[in-house]
There are 4 protein chains.
Amino acid sequence: MDQTSTFPGRIRLGMVGGGEGAFIGAVHRHAARFDDRYQLVAGALSSSAQASQRSGSALGLERIYDDYLQMAQTEGAREDGIEAVCIVTPNHMHAPVARAFLEAGIHVICDKPVTTNSGDARMLKALAERHGLLFAVTHNYSAYPMVRHAQQMVREGALGEIRVVNVEYAQDWLAAPLEQSGQKQAAWRTDPAKAGGGAIGDIGSHAWQLADTIAGLPLESLAAQLSSFVPGRVIDDDVQVLLRYRGGARGMLWASQVAPGCANELRIRVFGSAGGLEWAQQQPNELFWTPLGEPTRILTRGSAAMNAAGARTSRVPAGHPEGYIDAFGALYREIADHLLARRHGGDPGAASFPTIDDGLRGVLFIETVQASSRAGGLWTPLPS
Amino acid sequence: MDQTSTFPGRIRLGMVGGGEGAFIGAVHRHAARFDDRYQLVAGALSSSAQASQRSGSALGLERIYDDYLQMAQTEGAREDGIEAVCIVTPNHMHAPVARAFLEAGIHVICDKPVTTNSGDARMLKALAERHGLLFAVTHNYSAYPMVRHAQQMVREGALGEIRVVNVEYAQDWLAAPLEQSGQKQAAWRTDPAKAGGGAIGDIGSHAWQLADTIAGLPLESLAAQLSSFVPGRVIDDDVQVLLRYRGGARGMLWASQVAPGCANELRIRVFGSAGGLEWAQQQPNELFWTPLGEPTRILTRGSAAMNAAGARTSRVPAGHPEGYIDAFGALYREIADHLLARRHGGDPGAASFPTIDDGLRGVLFIETVQASSRAGGLWTPLPS
Amino acid sequence: MDQTSTFPGRIRLGMVGGGEGAFIGAVHRHAARFDDRYQLVAGALSSSAQASQRSGSALGLERIYDDYLQMAQTEGAREDGIEAVCIVTPNHMHAPVARAFLEAGIHVICDKPVTTNSGDARMLKALAERHGLLFAVTHNYSAYPMVRHAQQMVREGALGEIRVVNVEYAQDWLAAPLEQSGQKQAAWRTDPAKAGGGAIGDIGSHAWQLADTIAGLPLESLAAQLSSFVPGRVIDDDVQVLLRYRGGARGMLWASQVAPGCANELRIRVFGSAGGLEWAQQQPNELFWTPLGEPTRILTRGSAAMNAAGARTSRVPAGHPEGYIDAFGALYREIADHLLARRHGGDPGAASFPTIDDGLRGVLFIETVQASSRAGGLWTPLPS
Amino acid sequence: MDQTSTFPGRIRLGMVGGGEGAFIGAVHRHAARFDDRYQLVAGALSSSAQASQRSGSALGLERIYDDYLQMAQTEGAREDGIEAVCIVTPNHMHAPVARAFLEAGIHVICDKPVTTNSGDARMLKALAERHGLLFAVTHNYSAYPMVRHAQQMVREGALGEIRVVNVEYAQDWLAAPLEQSGQKQAAWRTDPAKAGGGAIGDIGSHAWQLADTIAGLPLESLAAQLSSFVPGRVIDDDVQVLLRYRGGARGMLWASQVAPGCANELRIRVFGSAGGLEWAQQQPNELFWTPLGEPTRILTRGSAAMNAAGARTSRVPAGHPEGYIDAFGALYREIADHLLARRHGGDPGAASFPTIDDGLRGVLFIETVQASSRAGGLWTPLPS
């Protein structure tokens, strides 16, 4: 919360999706507003023109569009058009929407999984590169300060050689057939055509990305079993995976939406020859670090023990908990700083946040898990 | 994060204090921005005109003032002047600043303790009433959803008759003589002339207010010992109090700034004839409830178990932690809703947040603790 | 700690293994002594006659033998010979020792894994049945009161239909090549000839048995990867398994001896259509139960919420922690009660503790894991 | 669980109290048996001769007495009489029973509080000294390994100068008027004539002794409020105390039997100029240590980080929890080692466990709390 530096300005932001009845759109708006780096000026908030108008008015938006194509073209043509669009539609719409905005010369900030198939993800990656545009993917959990701290510790060798990675993301909100009640979130997230995957896409992708962020190891192959436990459900609500990393490390990944007692229990443990780390999203301000043979240390966000990577996304003092919105906001702030550097013609440097490269790898992970499971849990290599 | 209702508009807000080197000012700005209910348009951010200009520019403020008096008079006279001022100066300046804005017809949102003596607090209370203005006091911890949930439970009798209240707020940032290093926060907070009280004023007042919020019992008398443990310190850095409530309940309050290992360990336990509650600010999304003779329940923010009071200040789903800024923001949102109702001529109803009444009672509590301690820990009645 | 009933007498007990430098032998002696149901009167405590004599004298044993064969024959022939033998040798000696005592008509209490191959386990099972003798296997963790409580809850349907089982047992004591330092425990436990298996045999078998106890589901097939992470080690020190249960439940099992920060982190979570359970050996007096859609309950040992199965192995009041020895002792007490019933010619009923049947199934589990891993992690059915 | 040393022999032990319906007697028997250092041979287990006979038979005692006087005289006269007596009667009987055995030349192991008034305690202290006998007091919590570890840390200066001590012991078993139901434990513990004090005597004395053990500071004065919350109760069920130690440290003590959700929540925190410690009986295998300005360390029983004092009373490896009986047993083992040294004419050295000196100071503490409370919470000096 340092305010000694000069205010860097605000990014003109648009939003596609996130209208009435949506959940994640409001989170993105909170996150974008958190550090005052964005001004939300335009939106096509719903696939229905009427709902889009209603939702946009309720938010006090300046420019409300009936559909995303119109919005991309109009905003791309305006002198003062949006600089970036935030895409928070159901998954199957990410690709066409992102494509439209990239082609209009507008940076993209997209929810995950970035697409429902790797072909689309490759297309978007190529498109972003061709147009020289940023394509950020909001794997928000990776921006928690203690996750960044852990990432730097591993990179610096604090754990020695990584041996075991154990990551899980357990929820219980789909333990009953909620989608049959008409609940909007449950409906599209359990519809294969709209979601692309169930637990594997919705939360398994987060678990994969968290392990990828902290351990930073290339995945070689995996064996997976997807399950659909709730009667009548046609998409997976539980996924269990064994992992083999290049270099010999081994791992396990579990994601479930049918685990009563687990709200959003995203938890990772990484063990190496010199120490171990444990972090859980539900108590995100603490990172447990055990140097081999020594007592476990509780590293706390905001304390003197934080390294540079951890401190960078932290705001309030130790003991004053930061949470989900804070971390989501930290991601948005980093994206804003990147975009402001580009706006001023500077070199933004390597992105400290996930981009379409991570998004593509995430979709390849999902597809490999699905392929392994379809083949009865066969060990399946990750495509390069 | 409900966005179905029409956007209610934004309060025009000014700020006094919170410039370079300050901590709590930035927190208030985050909190005010959180739910998009305020527009920060004016400020006198420092007692130095130059620093005020620098800080205001860095924040991109429209109207920057050299001092608060000028600001109060000018804003009070403008058609589009600020509707409310947020006061985040050192404690001894709260009273003169608040007075100036009240006299200019501007609502006040003031940090705690509201004044350094009860005479000033009574004066402000009278002034606010005379002018028909809101005077809110930012006891932010009281807006955590699980605190509100606990408050409603107690009011509804879930604990039976309250017997024991145990509240504490422990920190360690002043365990060494930080004020001798020139650290700005430590300097004014350990200066009796500027702070009015040490641990008792800075954090003891929060602990008192949390107990007051949840247990809701009138305090009759207390016995206290204030200590200044760090060599060279002239203000208390530890306070220990026994409490007697009207009706027979008894309590203990401990606040310390010299407790290594405690960052902001604000914790309360309330026990009654029918059950017990426990809540801690460092894990604020959980409330432990034990109906007498039954297993302890972990009530989680965002879950189906929340009552109306708890749900009202909660935003994201269970398992996605809310934190310090979220709760501070919830307080600001409630104040905004109150002010918007007044703006539109409606009846805002009883304030759901702390006001000058609470602020005055808090100062009386502090003064009684100080009097008891000066008298060697004598039992001392609270003034009515 | 009920002492109203008449003292039922003590079982005359012998011990093989557990001499100088051993660990688990002393644990068994504590456990046997805990509830005063045994009298340790004879032993062959070491494979070396001299060490056996030294160790026996140090313990004040009445009858000390140079080797187990001599002991089995002599004790079997005495009128007042031991009624049961406790076998706490390295794993590869379990089978020959147990055979000798069974053939001498003496009941067997054997550490796990019961043998290093299923052929031996089948042989022992047949032998025990032929002679009408008890063959108990000391899967001690299954006797923790909250494990028994959980087992009964699942049997009574409190979780509905079981969907997911997640069990793990992580240690860190073999994260460095301790066996190369001459440490006796590490030496035999990492020697395939003496141990039969590494992490899978030593602790993976406990994890399997805990899941078997609580979930009670027949295992159909598994895919496993064993690893030997520590340079120079020839036995597995980490094992990761995917599980398929008959009826559709799925599971994951992880056991590791190279996980810094984990001392004896045995933890299980079981999720069903109606609720979830979580228990961890390091905090064994608490069981977390979440009925679907309701707050999590902390069930505590000794409280009014305990069911009959849980209460039966519990001794001290809630809040006074029971631990490892208490649970081990509870197992020994149940075995004693069983043997006393047999002594008096009564029907001891079905064993409430693990027997050779469980021991055999455990060895089959280990062999299947090893076979799957050797085949590259292939899905492999459990032999019936 | 080291068995390399020669078995040192067993102490011949008698017991007074602890018959049918008693709780703590069975705990003492478990504790005495734990490390095989005692042989329980005689007892007068009840104030009723018939009940004493029944209880003694149920335990298989060799010599059962109708009353304690007869037992003291007979055992004192026998060549093979008991060497020590364990006194587990209601509190008001401690003094006459202890006196009888001391006068018969028999060492005493007595439950706490040692007497119901300090006159009796002084008498017993003088008597033990005159006869050259050991008088041990079973403040069992002081023998938990992590308590001993903490004690040594403080003595070695790891916390610097002690500033604040915060200790509490909260229960909920008397939150309802259990004594009116005829429950035997509740009946005598709430009868002033038999207990001497309520919460202050039963558990406040444990809290005091734990603080005394770890912080080791002489208490100068205190202010206390005793409450009897449950209708109809004539003894205190809640006690709250402010403490002043010689040298300037300050403290708070809370003991309650009416705190729903607290089973046996004995917890202590000690803060000094160089660091802080926290320990709780319900998770006794962990000690939280924060060196000022550094991350908190979780010190675990059985780990390499333990100091000599902590290691001495620890038995099983880290991660295998020790509990209440283990610690009680550790106290008994230390007493046995002391008595064995005396038996063999050696110098047992200073007692590592609480004795009549601690017992007397404990009673003086209780009396001072009661006097302060009677005087309305007046600050009252401890008698020297």
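Structure: see above.
Bear in mind that the values here come from a model prediction, so they are computed numbers and not experimental data.

Caption draft 1: Fine view of the overall build of chain A. In terms of helices and strands, chain A carries twelve helices and 15 strands. Its C-alpha atoms give chain A a radius of gyration of 20 Å, within 12% of the compact-globule value 21 Å for 384 residues. Across its three principal directions, the C-alpha atoms of chain A cover 60 × 55 × 40 Å. By the burial criterion, 64% of the 384 residues in chain A qualify as buried. Taking all contacts inside chain A whose residues are at least 6 apart in sequence as the whole, residues at least 24 apart take part in 69%.

Caption draft 2: The arrangement of the interface of chain A and chain B in detail. Contact residues are listed per partner, giving 34 residues for chain A and 34 residues for chain B. Taken together, the elements giving at least two residues each to the side of chain A that touches chain B come down to α1 (24-34), α2 (49-59) and α11 (324-343) of chain A. Counting residues per element, the side of chain A that touches chain B draws most heavily on α1 of chain A, which supplies five residues. When grouped by side-chain class, the residues that make up the side of chain A that touches chain B number 14 nonpolar, 14 polar and six charged.

Caption draft 3: Representation of unusual backbone geometry in the model. Residues and elements named next belong to chain A. In this chain, K112 is followed by P113 through a cis amide linkage whose omega measures -10°. Inspection of the secondary structure assignment puts P113 in the loop between β5 (107-110) and α5 (118-131). Positive phi values are uncommon outside glycine, yet D36 reaches one of about 60°. Along the chain, the position of D36 falls in the loop between α1 and β2 (38-44). Judged by the 20 C-beta atoms lying within 10 Å of it, D36 is buried.

Caption draft 4: Representation of the interface of chain C and chain B within the structure. On the side of chain B, eleven residues touch chain C, which itself brings eleven residues to the contact. The residue makeup of the side of chain C that touches chain B, split by class, is five nonpolar, four polar and two charged. Sheet analysis places strand β14 (residues 296-300) of chain B next to strand β14 (residues 296-300) of chain C, joined by three bridges and oriented antiparallel. Bridge pairing links T296 of chain B to I298 of chain C in β14 of chain C.

Caption draft 5: Molecular detail of the relation of the copies chain C and chain B. The two copies are related by a screw operation: chain C maps onto chain B through 180° of rotation and 0.0 Å of translation along the axis, at an RMSD of 0.0 Å. Both copies are brought into coincidence by an operation consistent with a two-fold rotation axis. Using C-alpha coordinates, one finds that chain C approaches the rotation axis most closely at R297 of chain C, a distance of 2.3 Å. Most of the interface of chain C is mirrored in chain B: 100% of its interface residues are interface residues there too.

Rules behind the numbers
Residues numbered from 1 in each chain as written. Chains lettered and ligands numbered in written order. Predicted model: local features only at pLDDT ≥ 70, side-chain atom pairs only at ≥ 80, totals over all residues. Helix = DSSP H or I, 4+ residues; strand = E, 2+ residues; numbered from the N terminus. Rg over C-alpha atoms; globule rule 2.2 N^0.38 Å. Buried ≥ 20, exposed ≤ 12 C-beta atoms within 10 Å, placed from the backbone. Contact = placed C-beta atoms within 7 Å. Nonpolar A, V, L, I, M, F, W, Y, C, P; charged D, E, K, R; others polar. Pairing = 2+ DSSP bridges. Least-squares fit on C-alpha atoms with pLDDT ≥ 70 in both.

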